[in-house]
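# An overview of the molecular structure
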Amino acid sequence: HGINSLLQDPYSLQQAMGFKDRHYSISYNILKTIPTRLSIISAILQTRCNQVASFSAPYRLTKSLGYEIKHKNPNRLTTKGEREMILSMEQFIFNCGHNTPNPKDPENFKRDDFDTFLRKFVRDSLTFDSACAEIVPTHKGTPYEFVCVDASTIRIAANSVGLVPDETWYDRNPVVNNPALLNVPFNPYTSLKYRAMDQRPAYVQVVNGQICQAYTKDELIFGVRNPRSDVLIQGYGFSELEQLVTIITSHLNAEEYNKRFFLSGSAPKGILNFKGDTMSPEQLEVFKRQWKSNIEGVHNSWSTPILQSEQGLEWIDMHRSNQDMEYSKWVEYLIKIITGVYSIDPAEINFDLSGGVSQTPLFESSSEWKLKASRDKGLKPLLKFVAKTINDNIIARMDDAFYFDFVGLDELTEQEKHELSTEQLSSYLTLNEVRRSKDLPDIEDGDVVLN
């Protein structure tokens, strides 16, 4: 039998509009606004987008960072036709589609290249934990091109509305049989929901609360990095920004406090006190006006109280506290939490924070070790997610014998590869095995270890 467990809430009212709305603590509009309001979030998103976009060219051309199309059997010696297929797939990914433009696309439409696609895809994923792209199929059903779509407009279609389990469904729903009784404008969701079961809509695009487009499961990529089993979530992810709701609010409040403190702060740094009655009230007022015009900042900030008491002149300092240090430590703590959730080292976004726990290996600098650990914790999982999404939705539908992979992050240099091959030849690999790993043909009497 099939699975018996409930994976989603069967009584959710958020499916009434034809799609499953997202349970969220922050709306999509606020998620879009946060990077524009908080510089630390903007720096993290920009850094990760730049890092992933550096893999947007074929590795055989860059020899540093890039992507490769590989055969799933690493020991197989690829044929000439397979090598041509690999080059064709590489070019397809680089162009985000076939070389020739789609004649049915709008005239002013310009397809993104892979660099632009990766930047859009990664930014949406890090902002909404929902990265989407439309796959335009050929007549055979294979991908012709793929285009990044605004993830904030994509919803999962409701699977309990308008499905067609059998041919008698139309007889049991006479209103559907009579289009005149519907009296509604054309809806792309309606046009799809009466198709066969394998062609029912899996996702819909919602703009201004209205469904404007529907997609089958083969027509749209819906990538989620942080899935959850919560029945109330209904298949949506858990964005880092949602995980940082209180931290982001605290950081915004701290920045706003400091901005207002410098802009229109009323807390005086001290009091200027004239002792005695040697200065008349008129002279004191003249001095006050001159002091204010020369010393005070904009919006009456840093005003200095001027008093008159006993004989003499004194300055009473009122700013001897650790307030600035407390503010600095608080902001530093918030930055560490934000970068920790995003799995990125503060040094990558130019925040050299102290007080962290690190174990530096021998012969490696502290910064080098931190950046390597940051790549392992944050960049590698992100690249793996993007590669898996491309493999499942594009490469597998073109030829299931190959797979897409980002390479170069931990790649050896050409000299290191040559030295490694030399050592392998003298210990446990035969000459032909090494030649096959470099996609070279076997030679006669090559099935032997050279040492």
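What comes next concerns the included structure. Here the structure is a predicted model, which means the values were calculated and not measured.

### Some points on the overall build of the chain
A tally of regular secondary structure across the chain gives 16 helices and twelve strands. A total of 451 residues make up the chain; the buried ones form 36% of that total. Across the chain, every contact between residues at least 6 apart in sequence was considered, and the portion connecting residues at least 24 apart equals 68%. Accessible area of the chain: about 26700 Å², with a carbon and sulfur share of 53%.

### Structural notes on helix α1 (residues 28-37)
It helps to recall that an α-helix has 3.6 residues per turn; residues three or four apart then point in one direction. Taken together, the buried positions of α1 are occupied by Tyr-28, Leu-31, Ile-34 and Pro-35. One side of α1 carries all its buried residues, which in axial view fall inside an arc of 110°. Across from the buried face of α1, at angles greater than 90 degrees, the exposed residues are Asn-29, Thr-36 and Arg-37.

### Notes on the sheet that holds strand β6 (residues 203-207)
Read from one edge of the open sheet, four strands run β1-β5-β6-β7, paired in antiparallel fashion. In this open sheet, the two edge strands, each paired with only one partner strand, are β1 (19-20) and β7 (210-215). When β6 meets β7, the two strands line up antiparallel, connected through five bridges. If you follow Tyr-203 over to β7, its bridge partner there is Tyr-215.

### Brief notes about the sheet that holds strand β4 (residues 143-149)
If you trace the three strands from one edge of the open sheet to the other, you get β4-β3-β8, paired in antiparallel fashion. Here the strands that pair on one side only, and so sit at the sheet edges, are β4 and β8 (220-223). Strand-to-strand twist in this sheet, taken as the mean axis angle between neighbours without regard to direction, amounts to 25°. In this sheet, β4 lies alongside strand β3 (residues 131-137) in antiparallel orientation, the contact comprising six bridges. If you follow Ala-133 over to β4, its bridge partner there is Cys-148.

### Here we look at the packing of α1 against helix α2 (residues 39-53)
Viewed as axis vectors pointing N to C, α1 and α2 meet at an angle of 100°, and their least axial separation amounts to 5 Å. In terms of orientation, α1 and α2 fall into the roughly perpendicular class. Contacts from Ile-34, Pro-35 and Arg-37 in α1 reach Ser-39, Ile-41, Ser-42 and Leu-45 in α2.

### Description of the pairing of β6
Most of β6 is tucked away: four of the five residues are buried. Relative to β6, strand β5 (residues 154-157) runs antiparallel, the two sharing three bridges. Residue pairing in the sheet places Arg-155 in a bridge with Val-204 of β6. What sits between the antiparallel neighbours β6 and β7 is a turn of two residues, in which Asn-208 has the positive phi angle 55°.

### Some details on the layout of surface pockets
The space that makes up the largest pocket amounts to roughly 1300 Å³. Put simply, the parts of the chain that give the lining of the largest pocket at least two residues each are α3 (59-62), β2 (66-71), α4 (80-95), β12 (402-407), α15 (414-425) and α16 (431-437). In terms of residue count, the dominant contributor to the lining of the largest pocket is α15 (five residues). Of the residues belonging to the lining of the largest pocket, the class tally is eleven nonpolar, seven polar and 14 charged.

Here is what the cut-offs are and how they apply
Residues numbered from 1 in each chain as written. Predicted model: local features only at pLDDT ≥ 70, side-chain atom pairs only at ≥ 80, totals over all residues. Heavy atoms only, no water. Helix = DSSP H or I, 4+ residues; strand = E, 2+ residues; numbered from the N terminus. Buried < 20%, exposed > 50% of the residue type's maximum accessible area, 1.4 Å probe, protein only. Contact = heavy atoms within 4.5 Å. Areas by Shrake-Rupley, 256 points an atom, 1.4 Å probe, with all protein chains shown as cover. Arc of directions from axis to C-beta. Pairing = 2+ DSSP bridges. Axes fitted to C-alpha atoms, helices over the stretch in contact; angles between N-to-C directions. Parallel < 35°, antiparallel > 145°, perpendicular 65-115°, else oblique. 1 Å grid on protein atoms, 1.4 Å probe; cavity = no way out; pocket = protein on both sides within 12 Å on 5 of 7 lines; lining within 4 Å. Points joined across faces, edges and corners; volume = space filled by probe spheres on them. Nonpolar A, V, L, I, M, F, W, Y, C, P; charged D, E, K, R; others polar.

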